[in-house]
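Observations on chain architecture
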Amino acid sequence: MDIQWFPGHMTKALREMQNNIKLVDLVIELLDSRVPMSSGNPELSKIAQGKQRLILLNKADMADEKITSAWIEYFKEKGIKAVAVDSRSTASKRTVKQAVDIVVKEKKERDLKRGIKGRPVRAMVVGIPNVGKSTFINCYSGRSSAKTGNMPGVTKGTQWIRLSGDLELLDTPGVLWPKFEDQVTGMHLAMTGAVRSEVLDMSDVAVNIISMLKENYPGKLGERYGCNEDNGSVEIFEEIASKRGCLRKGGVIDTDKTALIICDDMKNGRFGKISFESPSDIDQ
Ligand code: GDP
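Residues numbered from 1 in each chain as written. Predicted model: local features only at pLDDT ≥ 70, side-chain atom pairs only at ≥ 80, totals over all residues. Heavy atoms only, no water.

**Considerations on the pattern of salt bridges**
Under the criterion given, the structure shown has 15 salt bridges. Among the ionic pairs, R88 bridges to D61, the shortest N-O distance being 2.9 Å. A residue pair is termed long-range when its members are at least 10 positions apart, and R88 in the loop between β3 (81-84) and α4 (91-113) and D61 in the loop between β2 (52-58) and α3 (65-77) qualify at 27 residues. One continuous salt-bridge network, built from bridges that share partners, spans R224, D264, D265 and R270. (Salt bridge = Lys/Arg side-chain N within 4 Å of Asp/Glu carboxyl O. Helix = DSSP H or I, 4+ residues; strand = E, 2+ residues; numbered from the N terminus.)

**Quick notes on the packing of helix α7 (residues 202-216) against helix α9 (residues 233-243)**
Relative to each other, α7 and α9 sit at 110°, their axes nearing to 9 Å. Comparing the axis directions of α7 and α9 gives the class roughly perpendicular. The segment α7 lies against α9, with S203, A206, V207, I210, S211 and K214 engaging S233, V234, I236, F237 and I240. When its residues are assigned to classes, the contact of α7 with α9 shows seven nonpolar, three polar and one charged. (Axes fitted to C-alpha atoms, helices over the stretch in contact; angles between N-to-C directions. Parallel < 35°, antiparallel > 145°, perpendicular 65-115°, else oblique. Contact = heavy atoms within 4.5 Å. Nonpolar A, V, L, I, M, F, W, Y, C, P; charged D, E, K, R; others polar.)

**Digging into the site of the ligand**
Taken together, 15 residues are adjacent to the ligand, and D61, N130, K133, S134 and T135 come closest. Taking V131, its main chain carries an N or O atom lying 3.3 Å from an oxygen atom of the ligand. One of the backbone N or O atoms of G132 is found 3.0 Å from an oxygen atom in the ligand. Contact with the protein chains hides 72% of the accessible area of the ligand, taken as 580 Å² for the molecule alone. The greatest single-element share of the shell around the ligand, amounting to three residues, is contributed by helix α5 (residues 133-141). When its residues are assigned to classes, the shell around the ligand shows four nonpolar, six polar and five charged. (Near = heavy atom within 4 Å. Polar contact = N/O pair within 3.5 Å; in protein donor to acceptor, adjacent residues only side chain to side chain. Areas by Shrake-Rupley, 256 points an atom, 1.4 Å probe, with all protein chains shown as cover.)

**Notes on the nonpolar core**
Core analysis: the biggest nonpolar cluster contains 71 residues, and L26, I28, L56, F75, F136, L169 and L213 have the highest contact counts within it. When residues of this core are assigned to their parent elements, the largest contribution, six residues, is made by α7. For this core, the domains that each give at least three residues are domain 1 (7-171) and domain 2 (201-283). Each residue touching L26, except ones within four places of it in the same chain, is listed here: Q52, R53, L54, V100, V103, V104, V121, R122, A123 and M124. (Core = buried A, V, L, I, M, F, W, Y, C linked by side-chain atoms within 4.5 Å. Buried < 20%, exposed > 50% of the residue type's maximum accessible area, 1.4 Å probe, protein only. Domains from an automatic or database assignment.)

**Notes on the domain arrangement of the chain**
Segmentation of the chain into domains returns domain 1 (7-171) and domain 2 (201-283). Between the C-alpha centres of domain 1 and domain 2 the distance comes to 34 Å. In this complex, domain 1 contributes 16 residues to the contact, which on the side of domain 2 involves 14 residues. The junction of domain 1 with domain 2 conceals about 1100 Å² of combined surface from both sides, 56% of it contributed by carbon and sulfur atoms. In this structure, the connection of domain 1 to domain 2 is made through one salt bridge. (Buried area = accessible area lost by both parts, 1.4 Å probe.)

Laid out in structure tokens, this is it:
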């Protein structure tokens, strides 16, 4: 899906979110487990100030489990509770419920001391496009389509989905935008297949996928394409092109077709569980 954000969109999305955030105690931030840095938005810390926060490392079924565990530790050190989930699976419901209970425990105790009893905790899901917000909300509501934050007028008649006796979820997610100005962010999001950037060339994205696999997941390229991983990334790209018959008349490589095969394989998890960003990449 192409994502185009203009300053007007961002202002509108931000305003809607600021209005909705006033209604909740807890902000549930969805990040893509494979790219937790690139799928986050630093603005959120400002918008969610004073609210409890829970991070769901979504699409954990597609990410490298060891690295996801390292991210959970990383956020824990920052004082933020994070858990790994696959929003499409109902098994995640319990994981989320338990995590929410931990995060809101203090608030509930404070409420009790003040004599406030039985007030449900209200939560809102936020995240960048394609991170899985609607999937997550639908999984809980049992409905087939969550309202999207981009639609005008959805804030009218706020609806709450009961997650459990004392936990309610706003059925409208907050849409954040990625840090487009950062080139690595755009590239990493494009590599996961969540964003098809207008600016990035697909063959660049494919060559970056090759380089990353070569370095971090040796053996995967050889396994899938039977290519020689000792070669350079561009050579491997060309090798895949010829092995997959992506050649035009005269033996010229069809770069678009080759890039599509590689990007599609990554998007559909055909290299196995892969993470693109690890806490050890962050400059301390
Ligand atoms: P939204 O734009 O944030 O609402 O994202 P969607 O809910 O529309 O999800 C975008 C895509 O990611 C869809 O194709 C979903 O099926 C897929 N998706 C969402 N959550 C998960 C997950 O936990 N695991 C996997 N493998 N795919 C997911």
